[in-house]
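Structure at a glance
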Amino acid sequence: MQLEDALSTVEKHLDSVSAALLAADPQALESGSTQLRNAAAQLSQLMAQIQRQGAVPAALQKRLEAVGAMLAVQRESLARLAAITDRQAAGLLPPADAAATYGSAMGGRNAGSVARIYRAAS
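Report on the accompanying structure. (Residues numbered from 1 in each chain as written. Predicted model: local features only at pLDDT ≥ 70, side-chain atom pairs only at ≥ 80, totals over all residues. Heavy atoms only, no water.)

1. Overview of unusual backbone geometry
With a phi angle near 50°, Ala 24 is a residue other than glycine that sits in the positive phi range. In this structure, Ala 24 sits in the loop between helix 1 (3-23) and helix 2 (26-53). (Helix = DSSP H or I, 4+ residues; strand = E, 2+ residues; numbered from the N terminus.)

See below:
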């Protein structure tokens, strides 16, 4: 596989992962990121071989830098998506150590317990 082909494959998978991130599609994100990882590993192996033989052409160097910048943007987007998901989950489920609202008014019965529907989820 040539460097140009490997780089094009990585760029194609970067685009599919970007689309999956924008759509918040977990299945597409998982499959796209796996394909991206594999393509990036192949590109890395080719780059190691080429660097031993000589310099990378200037046009490909610019494309490689653009791929690196896009990976950084995707990493940041994924971190933001994870933070949003954590906040949404925290809004739906109470913390495990939360005290019951009326626990002390009931004479201590079931103090600190969580409703049955939340027990099933944890």
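2. Quick word on the nonpolar core
Counting residues in each nonpolar core, the largest one holds 19 residues, and the members touching the most others are Leu 3, Leu 7, Val 10, Leu 43, Met 47, Val 56 and Leu 64. Elements that contribute at least two residues to this core include exactly helix 1, helix 2 and helix 3 (58-92). In terms of residues, this core owes the most to one element, helix 1, which gives 8 residues. Sequence-distant contacts of Leu 43, that is, excluding residues within four places in its chain, are made with Leu 3, Ala 6, Leu 7, Val 10 and Leu 64. (Core = buried A, V, L, I, M, F, W, Y, C linked by side-chain atoms within 4.5 Å. Buried < 20%, exposed > 50% of the residue type's maximum accessible area, 1.4 Å probe, protein only. Contact = heavy atoms within 4.5 Å.)

3. Digging into the pattern of salt bridges
Per the counting criterion, the structure on display carries 3 salt bridges. Each member of the salt-bridge network shares a partner with another, and the members are Glu 4, Glu 11 and Arg 63. (Salt bridge = Lys/Arg side-chain N within 4 Å of Asp/Glu carboxyl O.)

4. Re the packing of helix 2 against helix 3
Remark: helix 2 packs on helix 3, axes separated minimally by 14 Å, with the N-to-C direction vectors making an angle of 150°. With respect to their mutual orientation, helix 2 and helix 3 come out roughly antiparallel. For the element pair helix 2 and helix 3, the recorded crossing hand is left-handed. Residue-level contacts link Leu 29, Leu 36, Leu 43 and Met 47 of helix 2 to Leu 64, Leu 71, Gln 74 and Leu 78 of helix 3. (Axes fitted to C-alpha atoms, helices over the stretch in contact; angles between N-to-C directions. Parallel < 35°, antiparallel > 145°, perpendicular 65-115°, else oblique. Left-handed = near helix turned anticlockwise from the far one by under 90°.)

5. What about the packing of helix 1 against helix 3?
Between helix 1 and helix 3, the least distance of the axes is 10 Å, while the angle of their chain directions is 25°. As far as their axial angle goes, helix 3 and helix 1 are roughly parallel. Crossing geometry of helix 1 relative to helix 3 is assigned as left-handed. Facing helix 1, whose interface residues are Leu 3, Glu 4, Leu 7, Ser 8, Val 10, Glu 11, Leu 14, Val 17, Ser 18 and Leu 21, helix 3 presents Leu 60, Arg 63, Leu 64, Val 67, Met 70, Leu 71, Gln 74, Ser 77, Leu 78 and Leu 81.

6. Some details on helix 1
Along an α-helix, residues three or four positions apart point the same way, because every turn accommodates 3.6 residues. Between its first and last C-alpha atoms helix 1 spans 30 Å; for 21 residues at 1.5 Å apiece the expected length is 30 Å, and the two agree. For helix 1, the secondary structure elements touched by its buried residues are helix 2 and helix 3. In the stretch just after helix 1, Ala 24 is the one whose phi turns positive, near 50°. (Expected span 1.5 Å × (residues − 1).)

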